[in-house]
Structures are given as structure tokens and as C-alpha cells.
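# Per-entry structural report
Listed below are the residues making up each chain.
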Amino acid sequence: MGIVENWEYMPLATEEDPDDYRPDSKLAIVIDPSDSAGKYVKGLTVFKEKIAAGDQIPLHQHTVEEVLFVDKGEVEVQLDQERRVISPGTIVFIPAGVAHGFKNVGEQVARIHAVFPESEISIRYLERNPAPGTEGDDPQPPIAFNVRELLEGNPENAVSPVPIKDFN
């Protein structure tokens, strides 16, 4: 039960995610902060992203559904084997388990945001944007990360493994 007016974009060039290294792109993760009475929206997470020209979100899957909104720029979306360039105002519904990825095919920064129906989001990378020194590595095993634990300063409780079978 909150209004979030300011959020912090973080660089996507960290050692924590060697599968999605994009030093010119940025991500903000937004959840409803709990109020003094402990009331808040528990089951929704918003990702806001600035995708640099030419950068892409590698092909991946989630165990939950996702809705993606294109706010600015020209973005090529891949859903399983289908590829299509989409423009601002487009909404993409992504069922759980569907392989998907996005590429900024324009000359300016693209802005997107995605909504997930959970605060724990799993990810399995099928392709990589490898961090320097990891170019020959396979994608990391699938994980689930609890966004609330992460944003509330409990990183030790934020990440857990997920069986591959959960993505099908």
C-alpha cells in the first residue's frame, strides 16, 4: 500500500550475473514497500529497464507469467521461435515457461518495464551476454531470487536453486 516515486537504476555489469553482462544498460526493481501496519502488495514486482542501443536481454525463461511494456524505442522481441520488432505502446504477454528475449534495434536507449505476479522470480538463461572472462562458459544453473529479501537488505536469503523441470 504505497506510492513509489523514486527508484534506483543499477548497472547490469556485475560479477553476480555473468550471464547478462550489459555495461551500458540499467535495471530498477520496484516492489511495494510495507507500511507501518505491515500492509503492502505482496505479489507484484516491477522491473524498469533502460536498454542501450544494440544491447539485448538474452533468451531466458521464468516459472511465472510476465507482462512487458515498451515505453520508448524499437525493440525486437523473441517468443520461442517468433521474432518481431515492436514499438512504444506495445504490450507483450509472456506465459510461464516460454523462452523470450529482447534486443534494442534502435539507435537510442530503449525503455521497457515488466510486471511479474510474484516477489520471487526464477530465471533460466538459454543464451548469454557473457561477462568478460566467461565467454566460453555455459549459462549458470537456474535460480529464484526473492526480490523483497534482496531489496530489504537480506541477500543471504534472496537466492535459491530451481530445478530445470520447473521451467517446462
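Up top you'll find the structure we're talking about.
Since the structure is predicted, the reported quantities are computational estimates derived from the model, not experimental observations.

## Here we look at unusual backbone geometry
- Of note in this structure, aspartate 80 is not a glycine but carries a positive phi near 50°.
- Mapping aspartate 80 onto the fold places it in the loop between strand S6 (75–79) and strand S7 (82–86).

## Considering the sheet that holds strand S3 (residues 45–51)
- The antiparallel open sheet is built from six strands, whose spatial order is S1-S2-S3-S10-S5-S8. The open sheet has two free edges, formed respectively by strand S1 (10–12) and strand S8 (91–94), since each of these has just one partner strand. In this sheet, neighbouring strand axes are inclined to one another by 25° on average, regardless of whether the strands run parallel or antiparallel.
- Alignment of S1 against strand S2 (residues 22–30), held across three bridges, turns out to be antiparallel. Bridge pairing in S2 places proline 11 opposite lysine 26.

## Quick look at the environment of alanine 37
- With respect to the helices and strands, alanine 37 occurs in the loop between S2 and S3.
- Once the C-alpha coordinates of alanine 37 and valine 75 are considered, the two residues, 38 residues apart in sequence, prove to be 41 Å apart.

## Some words on the side chain of histidine 113
- With respect to the helices and strands, histidine 113 occurs in strand S10 (residues 110–116).
- For histidine 113, a relative accessible area of 19% corresponds to the buried category.
- Among residues more than four places away in sequence, those in contact with histidine 113 are Phe47, Lys48, Val67, Leu68, Phe69 and Asp71.

## A closer look at the packing of aromatic side chains
- Applying the stated criterion across every chain yields a total of two aromatic pairs.
- Of the aromatic side chains, those joined through ring pairs into one cluster are Phe47, Phe116 and Phe145.
- One cation-aromatic arrangement involves lysine 42 over tyrosine 40; the distance from NZ or CZ to the ring centre is 4.6 Å.
- Above the ring of tyrosine 9, the side-chain terminus of lysine 50 is found at 4.3 Å from the ring centroid.

## Focus on the environment of proline 33
- Following the sequence through the fold, proline 33 ends up in the loop between S2 and S3.
- With a relative accessible area of 39%, proline 33 lands in the partly exposed category.
- Taking the C-alpha atoms as reference, proline 33 lies 32 Å from glutamine 78; in sequence the two are 45 residues apart.

## Comments concerning the sheet that holds S6
- Strands sit in the order S7-S6-S9-S4-S11-S12-S13 across an open sheet of seven strands; the sheet is antiparallel. Looking along the sheet, the strands with just one partner apiece sit at the ends: S7 and strand S13 (159–161). Each neighbouring strand pair of the sheet contributes to a mean axis angle of 30°, computed without reference to strand direction.
- Across five bridges, S6 lies against strand S9 (residues 100–104) in antiparallel orientation. Within S9, the residue paired with glutamate 76 across the bridge is lysine 103.

Rules and cut-offs
Residues numbered from 1 in each chain as written. Predicted model: local features only at pLDDT ≥ 70, side-chain atom pairs only at ≥ 80, totals over all residues. Heavy atoms only, no water. Helix = DSSP H or I, 4+ residues; strand = E, 2+ residues; numbered from the N terminus. Pairing = 2+ DSSP bridges. Axes fitted to C-alpha atoms, helices over the stretch in contact; angles between N-to-C directions. Buried < 20%, exposed > 50% of the residue type's maximum accessible area, 1.4 Å probe, protein only. Contact = heavy atoms within 4.5 Å. Phe/Tyr/Trp six-rings, centres within 6.5 Å; stacked < 30°, edge-to-face > 60°. Lys NZ or Arg CZ within 6 Å of the ring centre and 35° of its normal.

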